[in-house]
Amino acid sequence: MADDSTSAFQAGRTGLIVRIPEAEPSVRRWRERLDPSARAGVPAHVAVLFPFLDESRMDELVHSALTDVLGGHRAFGLRFERCGRLPEVLHLVPEPDTPLRRLTAAIADRRPEAPLQGRR
């Protein structure tokens with residue numbers, strides 16, 4: 001795990017993800033080499049909200065609120081047919097992305113103190 005304060009992956013920081021186990025065989029080698037979160041045991045995933053809350057703030061009320069929000073969304077399928085680029089990340093682009101954006105918005109509406117990427 002990276003311990004330098006400039007790293008996006010820091011102890012105590014939480015995130016909400018959708019695990020994508022089907023992608024693991026295709027991306028494992030790259031993630032192990034290039035992704036500090038993979039080396040820390042985070043599986044192949046799509047980030048819904050990162051960072052979320054500091055680990056010290058995760059309690060039963062937060063878990064209950066997440067259960068309520070996530071329970072109001074139906075399961076959905078995703079495809080990963082092309083690569084995309086964020087400033088420091090090469091990633092597979094989830095399509096369609098609308099269900100993921102709705103999850104992010106619903107959680108951010110319920111937990112406004114959790115910073116959205118790009119809106120901190």
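Please read all numbers here as calculations on a predicted model, not as lab measurements.

A. Representation of the overall build of the chain in the model. The helix and strand inventory of the chain stands at 4 helices and 4 strands. Reading the chain from its N terminus to its C terminus gives the helix and strand order β-α-α-β-α-β-β-α. Taking all 120 residues of the chain together, the buried fraction comes to 29%. Taking as baseline every contact in the chain between residues at least 6 positions apart, the subset at least 24 positions apart corresponds to 60%. Within the structure as shown, the chain displays about 8,600 Å² of accessible surface, and the carbon and sulfur contribution to it stands at 51%.

B. View of helix α1 (residues 24-34). Of the residues making up α1, those classed as buried are Glu-24, Val-27 and Arg-31. Across the axial projection of α1, the buried residues extend over an arc of 85 degrees, all falling on one side. Facing away from the buried side of α1 by over 90 degrees, the exposed positions are Pro-25, Ser-26, Arg-29 and Arg-33. Where α1 is buried, its residues contact α2 (36-39), β2 (45-49) and β4 (89-95).

C. A look at the pattern of salt bridges. Inspection of the entire model under this criterion finds 6 salt bridges. With a shortest N-O distance of 3.3 Å, Asp-35 and Arg-31 are connected by a salt bridge. With a shortest N-O distance of 3.5 Å, Glu-81 and Arg-79 are connected by a salt bridge. Under the relative-accessibility criterion, Arg-79 is labelled partly exposed at 41%. A single network of salt bridges, built from pairs that share partners, joins Glu-24, Arg-31 and Asp-35.

D. Focus on the layout of surface pockets. The space that makes up the second largest pocket amounts to roughly 150 Å³. Forming the boundary of the second largest pocket are Leu-16, Ile-17, Val-18, Val-48, Leu-66, Leu-70, Phe-76, Leu-103 and Ile-107. Secondary structure elements with two or more residues in the lining of the second largest pocket: β1 (16-19), α3 (60-71) and α4 (98-110). Among the residues making up the lining of the second largest pocket, the classes are represented as 9 nonpolar, no polar and no charged.

E. Just the packing of α3 against α4, in detail. Across the interface, α3 lies against α4 with an axial gap of 10 Å and an inter-helix angle of 145 degrees. Crossing of α3 over α4 shows right-handed handedness. Residues Ala-65, Leu-66, Asp-68, Val-69 and Leu-70 of α3 lie in contact with α4, whose contacting residues are Leu-103, Ala-106, Ile-107 and Arg-110.

What counts and what doesn't
- Residues numbered from 1 in each chain as written.
- Predicted model: local features only at pLDDT ≥ 70, side-chain atom pairs only at ≥ 80, totals over all residues.
- Heavy atoms only, no water.
- Helix = DSSP H or I, 4+ residues; strand = E, 2+ residues; numbered from the N terminus.
- Buried < 20%, exposed > 50% of the residue type's maximum accessible area, 1.4 Å probe, protein only.
- Contact = heavy atoms within 4.5 Å.
- Areas by Shrake-Rupley, 256 points an atom, 1.4 Å probe, with all protein chains shown as cover.
- Arc of directions from axis to C-beta.
- Salt bridge = Lys/Arg side-chain N within 4 Å of Asp/Glu carboxyl O.
- 1 Å grid on protein atoms, 1.4 Å probe; cavity = no way out; pocket = protein on both sides within 12 Å on 5 of 7 lines; lining within 4 Å.
- Points joined across faces, edges and corners; volume = space filled by probe spheres on them.
- Nonpolar A, V, L, I, M, F, W, Y, C, P; charged D, E, K, R; others polar.
- Axes fitted to C-alpha atoms, helices over the stretch in contact; angles between N-to-C directions.
- Left-handed = near helix turned anticlockwise from the far one by under 90°.

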